[in-house]
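# Residue-level structural notes
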Amino acid sequence: MLTKKECVAMLLAGGQGTRLGALTQSVAKPAVPFGGKYRIIDFTLSNTINSGIDTIGVLTQYQPFELNQYIGNGQPWDLDRLNGGAFVLPPYQKAKSGEWYKGTANAIFQNIDFVDRYKAEYVLILSGDHIYRMDYSKMLSYHKSKNADCTIAVLDVSLESASRFGIMNTLNDNSIYEFEEKPKHPKSTKASMGIYIFTWEKLRKYLISDEADKSSHNDFGKNIIPAMLNAKEKLFAYEFEGYWKDVGTISSLWEANMDMLDNDSGLNMNDKDWKIYARNTAEPPHFIGEGAKISNSIITEGCNINGCINNSIIFTGVDVDDGAIVSDSIIMPNAKISAGAVIKHSIVGWNSKAGVDAKIGEEQKAAINGEWKIAVIGPDVVVGDKAVVAAGAMVE
Amino acid sequence: MNNKMLSILFASGNESKLNELTIHRTTASLPFGGRYRLIDFTLSNLVNSGVTRIGIITRSNYSSLMDHIRMGRDWDLNRKNSGIAVFPPFVLNTSRDVYKGKIEAIYTITDFINKSPEDYVIVANCNIAANIDFNAVLENHIESGADITMLCHSGLLTSSRRVVISKNDKNRVTDIFFVESTSQNERLLSLNAYVMKKDKLVVYVENAYARGHVDFEKDILFAEAALGAVNVYEVPGYASIIDDVKMYYTESMKLLNYDTREQLFGADKKIYTKVKDSIPTKYGKSSFVKNSLIADGCTIDGTVENSILFRNVRIKEGAVVRDSIIMEDGEIMEDSTLSYAITDKSVTIKENRQISGFSTYPIVIVKNKVV
């Protein structure tokens, strides 16, 4: 008999992340490197353990190998618990049926037994593709104090951008009366962060009835939440203040990385009481050579830097040779930037190489319609000597 | 070759010559190379060579070592069978004193050695900076037919006390002697690490203990060398013993050389250490850094040249650090200048301070001090 857990977290990490193109050809979006030494999923995993929740199911489906290996036994996040811990939950063959996760709600439906086993009273639903630092225990207290059936974390966004989000329309007491997905004329600026706490007994019921409905998309936003609202269940919005970013596109992934360089961005990684953990690669300290010139950048262990680095994020084990220039760019683990190469407003994937005097990307003054023209070199790509990659191009 | 060897490590030794750097710690836990403790090199070498039964004999000030090693997980040594066993100072009823030398210390853990299923034992101090393949050492030892194989490296003599070895064309030790003078010729120097049959070690130690001997080198090694029973294994690539402040400084500075780093950290034989989850290092707009080795978690807004920064060091705007070693959590405030200095953990240098040692006599600032 397993020890009872008040709250179990379920992390939806199965998304393909098609908008990240070359970067998610071989790995799931949550496994994409971020911020010098992290993966995107590290933020959610670290938030979970830092919030005192030590039982977490990670639902994987698309390209799960890298992610499964990365999470392993959960030890880097202190999630190798005797009772609880991190569990990778891929879809599996059951006695009567066996199928892929059809939607977010179906993924949880297929793992009802997992939650039941811990006799959880509450279930925290998370997604593995957001960059933020959040104390879920405060949200859980809120959920309990409201005696809610479902609490949805919301972020106050600008009215102009509200039509890009799922918007919660609420009454004065923050109870939700309506949910609108990407409304043309938003009535509120409370955008769903894709973070839900459900009272398990309730959610369990809705998951089962949703599964019985063959026309359902089996999705939390499209089906479960509207169904609960229709049935006049108690849904509340929990207002989160702080840094939060969906890194679903190349432009937003680039922006979120750049926020690491900005002390005022709110992405305060320096908080010793809320560390973000990552699997360690055991590299020696990085070395800055005679020819190097570095300004406003982040550099991680295992690098050998001899070129010029400006406004950039340099991940673990990167070499930047003499005379190379890297500005406003993200160079992912173990990439090599050869002598004389010029990288501007680009993302260079892991294990890739920019040849001698190669030119990748072009300087961008500003985002156009909120989108930066970032050149992307996928993982394991060799860009030849003197090759030119245009701004906003994607090389696989 | 896996699990053919166990290892016995001595965490203490030479603390007196490391002065201020070992007031609060054992030599084994001396920070080295930007993010490591000295013992990390030996532990990683052992693990990379498949040696997972490791007994660490401590003598004094070993709390920093215990804190560093914990259950050995960061070296993959949290094993069900084997793993790390730390032996705190053990007082024999017969002597009423903490052990006097290696012989007594090993004698007190005879049970541990006898109960281990491995056939061979590696006896070493924890002050070696090198990347050693112990499987190659064992192969060489078995092939040589010798009773003891001692690990050596070629190096220059500095004024530090060194054990010099002469050998014949069969790689047998013909002479061992201490030298404390400088010389420009490369000599064969002992790394104070030995490989031998486990049963042999037990017999050596029991015989020596029965005769009141305490010193492993003088009382066992010298005698065996005289009999032609000691084989020499020369460690290829970079290797050094760190046992006084000057050695500490010069060997640290050698890490600014690419080849040294390749030999010490290179290839797939990684050096592991305690994971601290520091954030990556942030370089500000006014930073100016050249020829330096820098660990994670630093914030650099000043000038750093020919230096080593450990984790979580802050160099403020206008501060200048040259030819220096700044250990973990150090803070150099605005417009201060440091040269040829070693600042221990959590040292703060306030604004407008000028601190300068000399290349052959680096100045050491003790742990937690504020200047």
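Right above here is the structure, for reference.
Residues numbered from 1 in each chain as written. Chains lettered and ligands numbered in written order. Predicted model: local features only at pLDDT ≥ 70, side-chain atom pairs only at ≥ 80, totals over all residues. Heavy atoms only, no water.

### Remarks on the overall build of chain A
Convention followed: Runs of E in the DSSP output that reach at least two residues are strands. Runs of H or I that reach at least four are helices, and both are numbered from the N terminus. For the radius of gyration, the atom set is restricted to C-alpha positions; the globular benchmark scales as 2.2 Å times the number of residues to the power 0.38. With a 1.4 Å probe rolled over the protein chains alone, any residue whose accessible area is under 20% of its type maximum counts as buried; one over 50% counts as exposed, and the rest are partly exposed. Whether two residues are in contact is decided by their heavy atoms: any pair within 4.5 Å suffices. Surface accessibility follows the Shrake-Rupley procedure with a 1.4 Å probe radius. Residue values consider only the protein chains on display as shielding.
Regarding its fold elements, chain A presents eight helices and 31 strands. Relative to the 2.2 N^0.38 estimate, which gives 21 Å for 396 residues, the radius of gyration of chain A is 22 Å and therefore close to what a compact globule would have. For chain A, the spread of C-alpha atoms along the three principal axes comes to 65 × 50 × 40 Å. The buried share of chain A, reckoned over its 396 residues, is 61%. Intrachain contacts of chain A at a sequence separation of at least 6 include 60% that bridge at least 24 residues. Summed over its atoms, the accessible surface of chain A is roughly 16,200 Å², and 48% of this surface lies on carbon and sulfur atoms.

### As for the overall build of chain B
Counted only if it meets this: Only four residue types enter the tally: Lys and Arg on the positive side, Asp and Glu on the negative side; His and the chain ends are excluded. By convention, the charge on Lys lies at NZ, on Arg at CZ, on Asp at CG and on Glu at CD.
Secondary structure assignment for chain B yields nine helices and 28 strands. Expected size for 371 residues packed as a compact globule is a radius of gyration near 21 Å; at 21 Å, chain B falls within 12% of this value. Taken along its principal axes, the extent of the C-alpha atoms in chain B is 65 × 45 × 40 Å. One finds the centroid of the 45 positive side-chain charges in chain B at a distance of 3 Å from the centroid of its 45 negative side-chain charges.

### Concerning the interface of chain A and chain B
Which entries qualify depends on this criterion: In short, buried area is how much 1.4 Å probe accessible area vanishes from two parts on joining, totalled over both. The salt bridge definition used is simple: a Lys or Arg side-chain nitrogen within 4 Å of an Asp or Glu carboxyl oxygen. Counting of polar contacts relies on pairs of N or O atoms within 3.5 Å, with two restrictions inside protein: one atom must be capable of donating a hydrogen and the other of accepting it, and residues adjacent in sequence are counted only when both atoms are side-chain atoms.
At the junction of the two partners, chain A supplies 35 residues and chain B supplies 33 residues. Between chain A and chain B, roughly 2,900 Å² of surface is buried when both sides are summed, and carbon and sulfur atoms account for 47% of that area. Where chain A meets chain B, there are four salt bridges. Across the contact surface, chain A and chain B share 23 residue pairs in polar contact (both at pLDDT 80 or more). Those elements that provide at least two residues to the side of chain A that touches chain B are β14 (286–288), β15 (293–295) and β16 (297–299) of chain A.

### Examining the sheet that holds strand β18 (residues 308–310) of chain A
Residues and elements named next belong to chain A. Heads up, the rule is: The rule for pairing is simple: two strands pair if DSSP sees at least two bridges between them.
Reading across from one edge, β15-β18-β21-β24-β27-β30 is the order of the six strands in this open sheet, with parallel pairing throughout. Only two strands of the sheet have a single neighbouring strand rather than two, namely β15 and β30 (388–389). Sheet topology places β15 next to β18; three bridges connect them, and they run parallel. Residue pairing across strands places I294 opposite I309, the latter belonging to β18.

### Here we look at the sheet that holds strand β25 (residues 341–343) of chain B
Think of a sheet as strands paired side by side through backbone hydrogen bonds, with each pair either parallel or antiparallel. Strand order in the open sheet formed by 11 strands is β29(A)-β26(A)-β23(A)-β20(A)-β17(A)-β14(A)-β16(B)-β19(B)-β22(B)-β25(B)-β28(B), with mixed pairing between adjacent strands. In the strand order of this sheet, the two ends are held by β29 (382–383) of chain A together with β28 (363–365) of chain B, each with one partner. Inspection of the sheet shows strand β17 (residues 304–305) of chain A paired to strand β20 (residues 319–320) of chain A by two bridges, in the parallel sense. Looking at the pairing, I305(A) lines up with V320(A) of β20(A).

### Some words on the pairing of strand β4 (residues 53–57) of chain B
Residues and elements named next belong to chain B. As a reminder, the rule being used: For the handedness criterion, the strands are oriented away from the viewer, and a crossover whose path from the first strand over the helix to the second runs clockwise is classed as right-handed.
Along β4, five of the five residues are buried, which leaves the element largely enclosed by surrounding structure. The side-chain alternation of β4 yields two buried faces, one formed by R53, G55 and I57 and the other by I54 and I56. One ladder, built from four bridges, connects strand β1 (residues 5–10) with β4; its direction is parallel. Paired with I8 across the strands is G55, a residue of β4. At this point the chain moves from β4, through helix α2 (residues 63–69), to the parallel strand β5 (residues 83–87), and the crossover so formed is right-handed.

### Some words on the environment of K184(A)
Residue and element names in this part refer to chain A. Along the chain, K184 falls in the loop between β10 (176–181) and β11 (190–199). A relative accessible area of 75% places K184 in the exposed class. Along the primary structure K184 and H143 are separated by 41 residues, whereas in three dimensions their C-alpha atoms are 30 Å apart.

### What about the packing of aromatic side chains?
All names here are of chain B. Selection rule: Planes of paired rings set the category: under 30 degrees apart is stacked, over 60 is edge-to-face and the rest tilted, where pairs are Phe, Tyr or Trp rings (Trp by its six-membered ring) whose centres lie within 6.5 Å.
Scanning all chains against the criterion turns up 24 aromatic pairs over all chains. Judged by centre distance (5.4 Å) and plane angle (50°), the rings of Y36 and F41 are tilted. The pair formed by Y36 and F41 is uniform in burial state, with each residue classed as buried. Three or more aromatic residues joined by ring pairs make a cluster, and in this case those are F32, Y36, F41, Y248 and F265.

### A few points about the environment of Y361(B)
Residue and element names in this part refer to chain B. Within the secondary structure, Y361 sits in the loop between β27 (354–356) and β28. Judged by its relative accessible area of 66%, Y361 is exposed. For Y361 and R172, which are 189 residues apart along the polypeptide, the C-alpha to C-alpha distance reads 37 Å.

### What to know about the packing of helix α6 (residues 198–210) of chain B against helix α7 (residues 216–226) of chain B
All names here are of chain B. How we decide: Working convention: axes come from line fits to C-alpha atoms, limited for helices to the stretch in contact. Angles between N-to-C directions cover 0 to 180 degrees. Geometric relationships in this document are graded by angle, where less than 35 degrees denotes roughly parallel, more than 145 denotes roughly antiparallel, 65 to 115 denotes roughly perpendicular, and other angles denote oblique. By convention, the crossing between two helices is left-handed when the near helix turns anticlockwise from the far helix through less than a right angle, and right-handed when the turn is clockwise. Amino acid classes used here: Ala, Val, Leu, Ile, Met, Phe, Trp, Tyr, Cys and Pro are nonpolar; Asp, Glu, Lys and Arg are charged; the rest, including Gly, are polar.
It is the contact of α6 with α7, at a shortest axis distance of 11 Å, that shows an interaxial angle of 120°. The orientation of α6 with respect to α7, classified from their angle, is oblique. Along this stretch, α6 crosses α7, giving a crossing that reads as right-handed. Each of L201, Y204, V205 and A208 in α6 lies in contact with α7, whose residues at this interface are F216, I220 and E224. By residue class, the composition of the contact of α6 with α7 is six nonpolar, no polar and one charged.

### Remarks on the pattern of salt bridges
Tallied over the entire structure, the rule returns 34 salt bridges over all chains. Between D243(B) and R162(B) there is a salt bridge, with its nearest N and O atoms 3.0 Å apart. In this pair, D243(B) sits in the loop between β13 (239–241) and α8 (245–254) while R162(B) sits in strand β9 (residues 162–167), placing the two residues 81 residues apart along the sequence. Judged by its relative accessible area of 5%, D243(B) is buried. Judged by relative accessible area, which is 5%, R162(B) ranks as buried. Salt bridges sharing partners connect three or more residues here, namely D78(A), D80(A), R81(A) and R73(B).

### Things to note about helix α7 (residues 220–230) of chain A
Residue and element names in this part refer to chain A. Inspection of α7 places F220, G221, N223, I224, I225, M228 and L229 among the buried residues, and these make up the whole buried set. Between the side-chain oxygen at the start of α7 and the backbone nitrogen of G221 there is a gap of 2.9 Å, and the oxygen is on D219. Backbone geometry just after α7 places K232 at a positive phi near 60°.

### A word on the packing of helix α1 (residues 41–50) of chain A against helix α2 (residues 64–71) of chain A
Residues and elements named next belong to chain A. Axis separation between α1 and α2 bottoms out at 12 Å; the angle between their running directions is 40°. It follows from the interaxial angle that α1 and α2 lie oblique. Two packed elements cross with a definite hand, and for α1 against α2 that hand is right-handed. Within the contact between the two elements, α1 uses I41, D42 and L45 and α2 uses L67, Y70 and I71.

### Here's the deal with the side chain of H141(B)
Residue and element names in this part refer to chain B. Here H141 shows up in helix α5 (residues 134–144). Residue classification places H141 among the buried residues on the basis of a relative accessible area of 3%. In contact with H141, other than residues within four places in its own chain, are Y120, A146, D147, I148, T149, V195, M196, K197 and N231.

### A short note on the pairing of strand β12 (residues 230–234) of chain B
Residue and element names in this part refer to chain B. Across the five residues of β12, four count as buried, placing the element largely inside the fold. For strand β8 (residues 148–157) and β12, the ladder comprises five bridges, and the chain directions are parallel. Residue pairing for β12: M150 is matched across the bridge by V232.

### What about unusual backbone geometry?
Residues and elements named next belong to chain A. In this structure, N147 is a non-glycine residue whose phi angle is positive, near 50°. Mapped onto the elements of the fold, N147 is located in the loop between α5 (136–145) and β8 (150–156). For A282, which is not glycine, the phi dihedral falls at a positive 55°. With respect to the secondary-structure elements, A282 resides in the loop between α8 (250–259) and β14.

As far as function goes, none of this settles anything; it's purely spatial.
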